[in-house]
Every structure is written in C-alpha cells, then in structure tokens.
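Architecture at a glance
Residues per chain, in single letters:
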Amino acid sequence: MALFGHSCLVPLRKKPKVAQYSHSLSKHEIKFNEVVLFIMERKMGTSRRAFLMDLGRRKGFRIEDELRDSVTHIVAENNSCSEVLAWLQAEKLRDISRLHLLDISWFTDCMGAGKPIQIENKHLLALRGDRNPTRPHPSPADLPDESAAKISQYACKRRTTLQNCNSLFTDAFEILAENYEFNANKGPCLAFRRAASVLKSLQFTITSITDVQGLPWIGDEIEDVIESIIEDGESPKVVGVLNDEKYKSFKLFTSVFGVGLKTSEKWFKMGFRTLEYIKEDSALTLTKMQKAGFLYYDDLITPVSKAEAEAISLAVKDTVWAFLPDALVTLTGGFRRDKQTGHDVDLLITCPRPGKEKEVLHKAIDQWKKQDLLAYYNVIESTFDETKLPSKRVDALDHFQKCFAIFKLYKQRPGTNISDEAQQSDKMETRNWKAIRVDLVITPFAQYAYALLGWTGSRQFERDLRRYATHERRMMLDNHILYDKTKRIFLKATSEQEIFAHLGLKYIEPWERNA
Ligand code: DCT
Ligand code: MG
C-alpha cells in the first residue's frame, strides 16, 4: 500500500462540480439498488462526466453526485488504479477496501446491456496510468460483427430490436426530422430518420464522436447534434425546435385523428395555437374524421396496450369467423414487432378460398353496428388494378379494401357480454368504453404475405426494403407483389420468408424490424 503515500502525485482531491444534470437524479426511476456509482471527473472533464451520469441515470442506475459512504463502484477514465487510490485516501471514506475501482469500459458495457454486468479482468483499472492507453469504451471495432463497414445503409439488412441503447440521440433526431417534415423539407427529414434508424440498430451506446465514424447516413449536421449531446447533454437545435411555435402547434394539431400537415398549416396560418379555440370556432368546417378525433381526443392520445389490442383482435375474429370460419385475422403493425403499446390496432384479414374475403368487411360492420361497437368508421373500397402494379413510389399506399375505424372497447364486468354492456352504456352518464383506433385491411390470399410484410413495418424498414429492391435487385416491391424487372415476372410468395429469399436477403424476424 505504498502507493497511498506516493509523493509525486499532485493532490487530486477536487470537490465534484455540481453537474448541470444533477436534477435528473430525481427524474429517473432507480432500477438497480445494489450498485451505487460514482464517476470520477479527473481526466474526464465536467461535461463528459455529466453526459455519462445522465446516461446512467436514464438507464436506472443510482449515480451519486458526490463521493459518499454509500458508493460501491467507482468509475474512472484514463486514471490508473494508483491514482484513484491516492485520490480516495484524501476523501476520508470509512472503508475503501470494499470499493470496486473500475475502468469506464465496465460502465459503457453496462449501458449497452442496460443493467449492471459482471466485472471481468478487462474492466479493472490498470495499476499504473501509462499502462492503459487503450480505448476507454467499446467502439464499433471492438464489438463482434459491428464494425462500421458491416453496418448496412439498408434497414432491411440490419437487425433492430426494441432495445435502443442510443435513445438519447435517436429521440433528438426524431424531433428534428419531424420539424423538417412540418416545414415540408423532405431531404433533411429523411436524413435524420435514416441516421436514427442506424443508431437504433447499434448494440453499444455512443459515448464519443469516433464511435459513429464510418457509419452510414451520419452527415455533418447529424455529427454536430451528436457532439452537442455528448458534450452538453442536449442539442441547442433540438431545444430550439421544442420551443418553436410552429413545431408546438403542428405537434398539437396532428395529434388529432384526421388532421394532417395540410390542415395543420391552414390552422397555423389562421392564427390558431390551441385545440380549444379550434373546437369552439363554428366557422371552421371539420371533416367527419376530425369531429371524431376531437370527440374522442383524450382516449385516442392514450396509448393502446397490448391487452387492449388483443381484446379488439378477439372481437374482430369473433365476428369474422361467424361469416368465414377459415379466415385469417392477424394482428400486425407495431404489436407484431413486439411493441407493448401503440397508437392503433392494425389487423389484416384474408381467406384461403379465393374471393371469399370480398364480402366480409361489410357484413362485419353491420354486425358491429348492431352491437354498438363502432364510434366511427370509414370504408375505402379496393382500387386494386393488376395492370398498375407494382407501384414505383417508395411510400406508396396500397390498394386493398380497408376500414379506418374507432372501436368502442367496453370495460366488461364479469357475467356480461359485449352487447349487454353496449346497451347499458347509453343509459350511463360516463362511458364504460374506451375509444380505440383500428385499421382493418382486407387482402386476397395470394397477396397476403406481401400485405403482412408491408403492414408489419416499421415505416423505415418498409422504405428501405423497397429502396433495396429497386437499387440493389432491379425489382419493384409493394404491399401486393414483387416484380423482377430483369426477368419481367411477378414473384409469388406464400410467406414473408419467401419474399426475403426472392430479394436475396437474410430473413429478419418481425421483432428485429424496429428500424
Ligand atoms: N406503413 C407504411 N407506410 C405508411 C403507413 C404505414 O409502411 N405510410 C406500415 C408500417 C407500419 C404499419 O403500416 C402500420 O402503421 P402504423 O400503425 O402507423 O405504425 P406502427 O408501427 O403500428 O405504429 P404504432 O405502434 O404507433 O401504431
Ligand atoms: Mg399501428
């Protein structure tokens, strides 16, 4: 323990500055009580320390602003074990022998795993400072299969689960993309969406700008945002957007079912800034959809849970199977990608007997009307025309018959059935149902695999599948079929696996399509 008295060490004791993120201590729930972290500022700097502390707290770690006896793990960067011990000696802790002295690589591995990980030899601090000039945290090159060169520019060649360890960055990108979209600036909007999608697929948390070097779609503007977040914990650009009047108004207006960019622009230009005034203005003509959007606003902005989606799915199956016992009813969209909540319920309906699917939607709607299960619905008839397939547009809507609806999901009491509940609800002052947005899509059986692939999403995954087909395979993909321009043939498929095979792609599971 001679190291403790090493005379050449300058006094390292420095009262940690109160980081600008210290407020975040109370903001995030602590998930791991057994580990209490302290991150050393020495050789790391205030802003990087603040960034890492904020990152850790967001992930549920308990991180102390100051060194106290409760601390169990000390994390240091570019400090040797002897330097840290010397510093600790001066800190007058009751017992330093039980402390884990760890390199920053342990912390960043924990961030990647989303939980405290087992300490390995490689995580221990080197005895002397000059022995450890290695990279302080994992970079793309340190991780198997994750070097920048291997990360494809196409989302359909990446596996993206819901475990996003870069949400601090991707949330910022999505705000900026949305703002560009509100201002009809398509190029930068897509650029930020593509960059967000790349970062979502990474299995490590970005802690330094060198980590993104060589990754696809990371341009200068995107690097600037990443750098600001690493250095200051936030991007002034994002803060600017969040406080921008147009952004705030558009965000509010588009949260109403039936309100898109055109209507938002109109209302903004008319001087509206809140929904209250819009609702009260009798001179404004609202569509039937928008009226429903206002009427059920509170319910519709409340996320739909997986259990609610399954309840709707069951109600739809009940009705559909009464007419077509062999029909397939599939829950798709975000729920098929394993999301636990969504903004709506997306259901595909098909029948193996050709043509039998055509009648089912109208019959089912009549039935739901009798049961008082619909608060709103709008049927779009099929515009499918084989001669116009496949569509050249990357974002093209499909031509299936569909129904955009708001279902009444009854809060059922034991011993009652849904139609009893519906009859009772009319007599009650407060509704005993929740309004849920439901999209029903009716597909011919021969196109079901393509429809399923198209409706599973994510949007970015779909865009890149189509872009990949066009640019890498000379094929055209839409929600109905795949066309090979070289061979001049339509490629049939009965499963998603077959479609991936036609495209020469490895199969990506639905829960790996959260690009
Ligand atoms: N889709 C698409 N292009 C569009 C609209 C939708 O490719 N212009 C696909 C992707 C997802 C799927 O349809 C369902 O759409 P949403 O319900 O909007 O997406 P989601 O992923 O289900 O999102 P949420 O969980 O919010 O419902
Ligand atoms: Mg959805």
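Residues numbered from 1 in each chain as written. Chains lettered and ligands numbered in written order. Predicted model: local features only at pLDDT ≥ 70, side-chain atom pairs only at ≥ 80, totals over all residues. Heavy atoms only, no water.

**Here we look at the packing of helix α5 (residues 167-182) against helix α6 (residues 186-201)**
Two numbers describe how α5 lies on α6: the axes approach to 8 Å, and their chain directions differ by 160 degrees. As the angle between them shows, α5 and α6 are arranged roughly antiparallel. Crossing angle aside, the handedness with which α5 passes α6 is left-handed. Judged by residue contacts, Phe-169, Thr-170, Phe-173, Glu-174, Leu-176, Ala-177, Glu-178, Tyr-180 and Glu-181 of α5 engage Pro-188, Cys-189, Phe-192, Arg-193, Ala-195, Ala-196, Leu-199 and Lys-200 from α6. Of the residues contributing to the contact of α5 with α6, the split by class is 11 nonpolar, 1 polar and 5 charged. (Axes fitted to C-alpha atoms, helices over the stretch in contact; angles between N-to-C directions. Helix = DSSP H or I, 4+ residues; strand = E, 2+ residues; numbered from the N terminus. Parallel < 35°, antiparallel > 145°, perpendicular 65-115°, else oblique. Left-handed = near helix turned anticlockwise from the far one by under 90°. Contact = heavy atoms within 4.5 Å. Nonpolar A, V, L, I, M, F, W, Y, C, P; charged D, E, K, R; others polar.)

**Observations regarding the site of ligand 1**
Around ligand 1 lies a shell of 13 residues, among which Gly-334, Lys-339, His-343, Asp-344 and Arg-459 are the nearest. One nitrogen or oxygen atom from the side chain of Asp-344 is found 2.8 Å from an oxygen atom belonging to ligand 1. When isolated, ligand 1 has an accessible area of 550 Å², and the protein chains bury 82% of it. Contributing elements (two or more residues each) for the shell around ligand 1: α15 (333-336), α18 (448-456) and α19 (459-473). Class assignment of the residues belonging to the shell around ligand 1 gives a composition of 1 nonpolar, 6 polar and 6 charged. (Near = heavy atom within 4 Å. Polar contact = N/O pair within 3.5 Å; in protein donor to acceptor, adjacent residues only side chain to side chain. Areas by Shrake-Rupley, 256 points an atom, 1.4 Å probe, with all protein chains shown as cover.)

**Notes on the sheet that holds strand β2 (residues 61-63)**
In space, the 4 strands of this open sheet follow the order β2-β1-β3-β4, with parallel pairing throughout. Unpaired on one side and paired on the other, β2 and β4 (100-103) mark the two borders of the sheet. When strand polarity is set aside, the average angle formed by the axes of neighbouring strands in this sheet is 35 degrees. Relative to β4, strand β3 (residues 73-76) is paired through 4 bridges, and the arrangement is parallel. In the strand pairing of β4, Val-75 is matched with Leu-102. Its contacts with the sheet place helix α4 (residues 104-113) against β1 (32-39), β2, β3 and β4, and it is angled at close to 80 degrees to β4. (Pairing = 2+ DSSP bridges.)

**Regarding the nonpolar core**
Within the largest apolar cluster, 61 residues are counted, with the highest numbers of intra-cluster contacts made by Phe-107, Phe-169, Phe-173, Leu-199, Ile-206 and Ile-226. Ranked by residue count, the leading element in this core is α5, at 9 residues. Residue contacts for Phe-107: discarding those within four places in its chain leaves Leu-37, Ile-39, Leu-52, Gly-56, Ile-63 and Val-75. (Core = buried A, V, L, I, M, F, W, Y, C linked by side-chain atoms within 4.5 Å. Buried < 20%, exposed > 50% of the residue type's maximum accessible area, 1.4 Å probe, protein only.)

**Quick word on the coordination of the magnesium ion (ligand 2)**
Only Asp-344 (OD) and Asp-346 (OD) from the protein coordinate the magnesium ion (ligand 2), and they sit 2.1 to 2.2 Å from it. For Asp-344, a relative accessible area of 6% puts it in the buried group. (Donors = N, O, S within 2.8 Å, 3.2 Å for Na, K, Ca; no water.)

**Some words on the environment of Ala-493**
Relative to the helices and strands, Ala-493 is located in the loop between β14 (489-491) and α20 (496-502). The sequence separation of Ala-493 and Gln-447 amounts to 46 residues, and the corresponding C-alpha distance is 7.8 Å. Those residues in contact with Ala-493 that sit more than four places away from it in its chain are Ala-446, Ala-449, Tyr-450, Glu-498, Ile-499 and His-502.

**Details of the confidence of the model for the protein**
In the predicted model, the protein carries a mean pLDDT of 88, and the fraction of residues at 70 or more is 86%. Predicted confidence for residues 1-25 stays below pLDDT 50, and this span has 41 contacts to residues more than four positions away or in other chains. Below pLDDT 50 for its whole length, residues 129-146 participates in 40 contacts with residues either more than four positions away or in separate chains. (pLDDT = per-residue confidence, 0-100.)

**Quick look at the layout of surface pockets**
Size it by volume and the second largest pocket reaches roughly 990 Å³. Contributing to the lining of the second largest pocket are 37 residues, with Arg-159, Thr-160, Ser-201, Leu-202 and Gln-203 lying nearest its centre. In the lining of the second largest pocket, the residues fall into 12 nonpolar, 12 polar and 13 charged. (1 Å grid on protein atoms, 1.4 Å probe; cavity = no way out; pocket = protein on both sides within 12 Å on 5 of 7 lines; lining within 4 Å. Points joined across faces, edges and corners; volume = space filled by probe spheres on them.)

**Structural notes on the UniProt feature "binding site: Mg(2+)" (unreviewed entry) in the protein**
According to UniProt, the positions carrying the feature "binding site: Mg(2+)" (unreviewed entry) are Asp-344, Asp-346 and Asp-439. With the annotated positions falling across 96 residues, the maximum pairwise C-alpha distance of 7.3 Å places them together in a single cluster. Take Asp-344: it is sitting in the loop between β7 (341-342) and β8 (345-350). The residues contacting Asp-344, other than those within four sequence positions of it, are Val-304, Phe-335, Arg-437 and Asp-439. Relative to the elements of secondary structure, Asp-439 occurs in strand β11 (residues 433-442). What Asp-439 contacts, discounting residues up to four positions off in sequence, is Asp-344, Val-345, Asp-346, Leu-347, Cys-403, Phe-404 and Trp-455. (UniProt positions renumbered as here; feature names shortened; annotations may be inferred.)

**Examining the pattern of salt bridges**
Two side chains that carry opposite charge are able to pair once their charged atoms sit near each other. As enumerated under the stated definition, the model contains 26 salt bridges in all. The shortest N-O distance in the salt bridge between Glu-83 and Lys-43 comes to 3.2 Å. Residue Glu-83 is found in helix α3 (residues 81-89), and its partner Lys-43 is found in the loop between β1 and α2 (46-58); the two are separated by 40 residues along the sequence. For Arg-68, the salt bridge goes to Glu-64, with nearest N and O atoms at 2.5 Å. Exposure remark for Glu-64: the relative accessible area of 7% places this residue in the buried category. Overlapping salt bridges bring together Arg-42, Lys-43 and Glu-83 as one network. (Salt bridge = Lys/Arg side-chain N within 4 Å of Asp/Glu carboxyl O.)

**Some details on the packing of aromatic side chains**
All chains considered together, the criterion is met by 16 aromatic pairs. Note on Phe-182 and Tyr-247: the rings are 5.6 Å apart at their centroids and 40 degrees apart in plane angle, and the pair reads as tilted. Of the two residues, Phe-182 is situated in helix α5 and Tyr-247 in helix α9 (residues 245-253); the sequence distance between them amounts to 65 residues. Classification of Tyr-247 by relative accessible area gives buried; the value is 4%. Their ring planes at 40 degrees and their centres at 5.2 Å tell us that Phe-182 and Phe-250 sit as a pair that is tilted. With Phe-182 in helix α5 and Phe-250 in helix α9, this pair connects stretches of sequence that are 68 residues apart. The exposure class assigned to Phe-182 is buried, which follows from its relative accessible area of 6%. One aromatic cluster is present, formed by Phe-182, Tyr-247, Phe-250 and Phe-268 through successive ring pairs. Here the basic side chain of Arg-431 rests over the ring of Trp-433, its NZ or CZ set 4.3 Å away from the ring centre. (Phe/Tyr/Trp six-rings, centres within 6.5 Å; stacked < 30°, edge-to-face > 60°. Lys NZ or Arg CZ within 6 Å of the ring centre and 35° of its normal.)

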